[in-house]
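# Report on the structure
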Amino acid sequence: MKILSELIAKLETTMTMLKKLKLQRGAHYRKFVKSYSEETAVFMCGKDKGHQLKLTNAGNMLDQQFDIFLTEILNYLKTRFENLQEKPYSLFRIFDPREMPQTLATYGHNEIRSLVQYFGYLLTEKEKENILDQWPMLRTRLGKQKANNPVDVFANLLASTPDDVKDCLVLVDLMMTLSPSTANCERSFSAMNQLKSNVCTRISQGSLVDLMRVRSSDVSTKEYCPGPAISHWILDAKTKRHIL
């Protein structure tokens, strides 16, 4: 599971490494250049460099082509995830324990206010007021969890819901709910098309939803325990179940 703050941090790290690669080539590139001829476009590979592999048209400038390749990757990443760099999504980084500085006196105050303002339509007036008051306490709790996985930290807080930060956790819950990509939705549409095909058009909406939940589950067959589902099917049915 990837959360917004974690994805934003990894995206920035990746783009920084790619920009560095444009200025300073890596070990694999240098090793490739030693076995590649720009004049003949032949790459010597295999045991003892005994095989010749024609890669591109002769005369292409490898270094120039590599720069173009890196630029296209950077442009794609920037376009693909540009929304994550904008508000309000970028504001969720303040919850990541690994991003917190040593001095927490004023850290995150402006971001919290912006989040409350942006998602105010989802919050009660009491929650809006309490979130601003509870942020210093939540910030202190998170600052002590730098060594732990952020997902585990947030999951434990949401499960226990301490009274002194419970309203502030509404924003954390929102962050955990927001998906950083549409990949899950796209997979769900593919699963729906497979389930409700041309030979299975009379399936009800309820059955389709249940089957899609099964298809989208991350639990493997070996780990899945069918006991609770079977009990629910037998004991909570609206009509009598006939078991052979």
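The preceding data block contains the structure.
Reference entry: report on the structure contained in this document. (Residues numbered from 1 in each chain as written. Predicted model: local features only at pLDDT ≥ 70, side-chain atom pairs only at ≥ 80, totals over all residues. Heavy atoms only, no water.)

Moving on, we come to the overall build of the chain. Looking only at helices and strands, the chain has 10 helices and 3 strands in total. Sequence-ordered secondary structure for the chain, helices as α and strands as β, is α-α-β-β-β-α-α-α-α-α-α-α-α. By the compact-globule yardstick of 18 Å for 244 residues, the chain is too spread out, its C-alpha radius of gyration being 26 Å. The C-alpha extent of the chain, read off along each of the three principal axes, is 75 × 65 × 30 Å. Among the 244 residues that make up the chain, the fraction classed as buried is 29%. At a minimum sequence separation of 6, the contacts of the chain that also span at least 24 residues come to 59%. When the accessible surface of the chain is summed, it comes to about 17400 Å², and 54% of that surface belongs to carbon and sulfur atoms. (Helix = DSSP H or I, 4+ residues; strand = E, 2+ residues; numbered from the N terminus. Rg over C-alpha atoms; globule rule 2.2 N^0.38 Å. Buried < 20%, exposed > 50% of the residue type's maximum accessible area, 1.4 Å probe, protein only. Contact = heavy atoms within 4.5 Å. Areas by Shrake-Rupley, 256 points an atom, 1.4 Å probe, with all protein chains shown as cover.)

Next up on the list: the environment of Ile94. Within the secondary structure, Ile94 sits in the loop between helix H3 (62-80) and helix H4 (109-118). Between the C-alpha atoms of Ile94 and Trp233, which are 139 residues apart in sequence, the distance is 44 Å. Look past the residues within four positions of Ile94 in its chain and what remains in contact with it is Met100, Tyr107, Gly108, Glu111, Ile112, Leu115 and Trp135.

All right, on to the packing of aromatic side chains then. Under the definition given, this model contains 8 aromatic pairs. On the basis of an interplanar angle of 20 degrees and a centroid distance of 5.4 Å, the ring pair of Phe32 and Tyr36 is categorised as stacked. Look at Phe32 and you get partly exposed, because its relative accessible area is 24%. A relative accessible area of 11% places Tyr36 in the buried class. Ring centres of Tyr118 and Phe119 lie 5.0 Å apart, and the angle between their planes is 75 degrees; on these two criteria the pair is classed as edge-to-face. Judged by relative accessible area, which is 46%, Tyr118 ranks as partly exposed. Connected via pairs of aromatic rings, a cluster forms that spans Phe92, Phe95, Tyr118, Phe119 and Trp135. When the ring centre of Tyr29 is taken as reference, the NZ or CZ atom of Arg25 above it lies at 5.1 Å. We note Arg80 situated over the ring of Phe81; from NZ or CZ to the ring centre the distance is 5.0 Å. (Phe/Tyr/Trp six-rings, centres within 6.5 Å; stacked < 30°, edge-to-face > 60°. Lys NZ or Arg CZ within 6 Å of the ring centre and 35° of its normal.)

This part covers the environment of Tyr118. Mapped onto the elements, Tyr118 comes out in helix H4. As for Tyr118 and Lys87, which are separated by 31 residues in sequence, their C-alpha atoms are 9.0 Å apart.

On to the pattern of salt bridges, then. The tally for this structure, following the rule as stated, stands at 7 salt bridges. Taking the shortest distance from any N to any O, the salt bridge between Glu12 and Arg93 comes out at 2.6 Å. In this pair, Glu12 sits in helix H1 (residues 4-23) while Arg93 sits in the loop between H3 and H4, placing the two residues 81 residues apart along the sequence. Overall, the relative accessible area of 30% leaves Glu12 in the partly exposed class. The shortest N-O distance in the salt bridge between Arg25 and Asp67 comes to 3.2 Å. Pair noted here: Arg25 is in the loop between H1 and helix H2 (27-34) and Asp67 is in helix H3, with a separation of 42 residues, a long-range link. A relative accessible area of 13% places Arg25 in the buried class. Classification of Asp67 by relative accessible area gives partly exposed; the value is 25%. (Salt bridge = Lys/Arg side-chain N within 4 Å of Asp/Glu carboxyl O.)

Moving on, we come to H1. Structurally, the α-helix is built with 3.6 residues per turn, so residues lying three or four positions apart point the same way. Given a rise of 1.5 Å per residue, 20 residues ought to cover 28 Å, and the 29 Å separating the end C-alpha atoms of H1 matches this to within 8%. Restricting attention to buried positions, one finds in H1 the residues Leu4, Ser5, Glu6, Ile8, Ala9, Leu11, Met15 and Leu18. If you follow the buried residues of H1, they end up packed against H3, helix H6 (150-160) and helix H7 (169-177). (Expected span 1.5 Å × (residues − 1).)

Remember, this is a structural readout, not a statement about activity or role.
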